[in-house]
Structures are given as structure tokens and as C-alpha cells.
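# Structural description and commentary
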Amino acid sequence: MRSVQIHHRTDIGKVRTNNEDAVACDPGVPIAVLADGMGGLDAGEVAAHVAVHTVLEHCTASQRSADELRVAIVAANGEVHALNAVRREQRMGTTVVAWLAIGEDRCAVAHVGDSRAYLWRDHHLTRITSDHSMVQQLVEAGMMTEAQAARSPNRNIVTRALGLDETVQVDVVEHDWLPGDRWLLCSDGLTDLVSNAEIARRFRDNPDPDALLERLIATANELGGKDNIAVMLIA
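Quick summary incoming for the structure in this document. (Residues numbered from 1 in each chain as written. Predicted model: local features only at pLDDT ≥ 70, side-chain atom pairs only at ≥ 80, totals over all residues. Heavy atoms only, no water.)

The next point concerns the packing of aromatic side chains. Applying the stated criterion across every chain, the model contains three aromatic pairs. Taken together, a centroid distance of 6.4 Å and an interplanar angle of 50 degrees make the contact between W99 and W183 tilted. Here W183 lies in strand β9 (residues 182-186) and W99 lies in strand β4 (residues 92-101), a separation of 84 residues in the sequence. Across this residue pair, the class does not change: W99 and W183 are buried. Here the aromatic residues W99, W177 and W183 are joined through ring pairs into a cluster of three or more. Here the basic side chain of R2 rests over the ring of W177, its NZ or CZ set 3.7 Å away from the ring centre. (Phe/Tyr/Trp six-rings, centres within 6.5 Å; stacked < 30°, edge-to-face > 60°. Helix = DSSP H or I, 4+ residues; strand = E, 2+ residues; numbered from the N terminus. Buried < 20%, exposed > 50% of the residue type's maximum accessible area, 1.4 Å probe, protein only. Lys NZ or Arg CZ within 6 Å of the ring centre and 35° of its normal.)

Spanning 14 residues, helix α7 (residues 209-222) covers 20 Å between terminal C-alpha atoms, matching the ideal 20 Å at 1.5 Å per step. Taken as a whole, α7 has its buried residues at P209, L212, L213, L216, I217, T219, A220 and N221. Its buried side turned inward, α7 meets β1 (6-11), β9, α5 (188-191), α6 (196-205) and β10 (229-234). Measuring from the backbone nitrogen of D210 back to the side-chain oxygen at the start of α7 gives 3.3 Å, which picks out D208 as the cap. Backbone geometry just downstream of α7 places G224 in the positive-phi region, at approximately 130 degrees. (Expected span 1.5 Å × (residues − 1). Contact = heavy atoms within 4.5 Å. Polar contact = N/O pair within 3.5 Å; in protein donor to acceptor, adjacent residues only side chain to side chain.)

The next point concerns the pairing of β9. Here β9 lies mainly inside the structure; five of its five residues are buried. The side-chain alternation of β9 yields two buried faces, one formed by R182, L184 and C186 and the other by W183 and L185. Both strand β6 (residues 116-121) and β9 contribute to a ladder of five bridges, which runs antiparallel. The residue bridging R116 from the neighbouring strand is C186, located in β9. (Pairing = 2+ DSSP bridges.)

Let's shift gears to the nonpolar core. Of all hydrophobic cores here, the largest spans 28 residues; its most connected members are I31, V33, V55, L69, I73 and L162. Of all the secondary-structure elements, those providing two or more residues to this core are β2 (21-26), β3 (31-39), α1 (43-58), α2 (66-86), β4 and β5 (106-112). With residues up to four places along the chain from it excluded, the contact list for V55 reads I31, V33, L69, A72, I73 and A76. In terms of nonpolar packing, the next biggest core, distinct from the first, is built from 19 residues, A32, V109, L185 and M232 among them. (Core = buried A, V, L, I, M, F, W, Y, C linked by side-chain atoms within 4.5 Å.)

As for its position among the elements, D131 is in the loop between β7 (124-127) and α3 (134-140). Judged by relative accessible area, D131 falls into the buried class, the value being 11%. Within the structure, the side chain of D131 is placed 2.9 Å from the side chain of R116, a separation counted as a polar contact. Residues in contact with D131, not counting those within four places in the same chain, are G113, D114, R116 and Q136.

A few words now on the sheet that holds β10. Taken in spatial order, the five strands line up as β1-β10-β9-β6-β7 in an open sheet, and their pairing is antiparallel. On the outer flanks of this sheet lie β1 and β7, each paired with one strand and no other. Averaged over neighbouring strand pairs, the angle between their axes works out to 20 degrees when direction is ignored. As paired strands, β6 and β7 are joined by four bridges and run antiparallel to one another. (Axes fitted to C-alpha atoms, helices over the stretch in contact; angles between N-to-C directions.)

All chains considered together, the criterion is met by 14 salt bridges. With a shortest N-O distance of 3.0 Å, D171 and R160 are connected by a salt bridge. Of the two residues, D171 sits in strand β8 (residues 171-176) while R160 sits in the loop between α4 (146-151) and β8, which places them 11 residues apart along the sequence. The closest approach of N and O atoms between E198 and R202, which form a salt bridge, is 2.9 Å. Here E198 and its partner R202 are both found in helix α6, four residues apart, which amounts to about one turn of the helix. (Salt bridge = Lys/Arg side-chain N within 4 Å of Asp/Glu carboxyl O.)

Time to look at the packing of α6 against α7. The contact between α6 and α7 brings their axes to 9 Å, and the two run at 145 degrees. The interaxial crossing formed by α6 with α7 has right-handed handedness. Taking contact as the criterion, the partners of E198, I199, R202 and F203 in α6 are, on α7, L212, R215, L216 and T219. Grouping the constituent residues of the contact of α6 with α7 by class yields four nonpolar, one polar and three charged. (Left-handed = near helix turned anticlockwise from the far one by under 90°. Nonpolar A, V, L, I, M, F, W, Y, C, P; charged D, E, K, R; others polar.)

Here's what the structure looks like:
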């Protein structure tokens, strides 16, 4: 397996008092996982951390396939759902997005909710995931434009999340993984405020991975920082 660097940052933002985003990675597999928790008190934070570490534990260097990634996320759903059965006063859930190398030139991307994955290739940014959200359903049905969705007060209402039900539907896609590719995983604390065009501009202006992630977070905070922000870059 070729060498991979995984860079990551999380930021509390300008409004929230705690950070419900979580990231975890293992460059040796390699795998990267990001989650955006939801719930009262510390519930969202707990759900996000349980999710990323459960996925990481299930995917090892000897278990690398799209199916294994799906199984890992289903297992994370079970862990968070079990916590809900115990902590009834703090119902919790979390989104998740994960990237896993499954060969020298192939990878798998899986997600539940509205945390996203992007691919930067040949100076072009492509969004890989489609949000599991109310407004995305309206966009796909032709009832709302992308611009309207970005401004909608309902844009943060997700239609899928880990932990809310005993079962969960996980979207998984396999993708070419070429030399020079850069993969961005991020929570909606970034994408609610920073447009795809602006994310692409930051890629062009910041070839250094750490500088890129710091600039993306700074941009979200400059635009209000209304939510926690989590970003991961696989390069």
C-alpha cells in the first residue's frame, strides 16, 4: 500500500460552547473517519467519538474493502443506539463520513448524514457524497435549487444519522485513487458557510495540507463560525 498522509483539524467555532465533531485516522491502513454529533448536554460529543473509534477498530490493514467499511459503520450505529437505550435522558446521534484505501489505486467513501467528502484532482473539486438531508431530497426532486438549499432554514435537518434506529442505511462508493489526489472530509460547520467554489479556491491557494485546513477553518469562522468545524485531508 502506498504511503499516505492524513491531516486533520477540529475547531469549536464562534458560537458553540462544546465541540461535538470528532475525527480519527490510521495512516497505516489507511483510513480516515469524521463525525458530527447531535444531542443535548454531552450526548453529541459522546456519539461522535464512539462512532469514529468504532469504525477505526473494525477496519484494519487486513480488512480493506467497501463492504468492510459498510459493516464498520453499521457497527458504529449499533454502539450509539445501545447508548441511547441506557442514556434515555440524552438521546444522541451522529453523522459520519469515512475514507478507506482498498487497493493501490482504489478507495471507498462511505457516509450517513450531511458530513461530506470531496476530491481535488487536476485542479478541480468534485463533491463525492450527497447529503442525507431534507433540503437535498427537495433538490434531487427538482423542487429546490442548490442556491435555495444553501439558504434554507431547514438545511441542517438530516434524514439519516447513526444511533437513532436499530438499523441504518449506509451509502458507500468505490472510486479511483490516483497519484496527486487529495480527499477532503468535512462537517457541515464548514459547508454551511463556505461554498464549494470557495473551498476550491482555498485548494488552489494553499498547496500545503496544514495551511489548507487552517485556512478553511479560518474562512468558516470569518463567516460566522456558527457550528463546530472538522476537516480532514488525505494526500
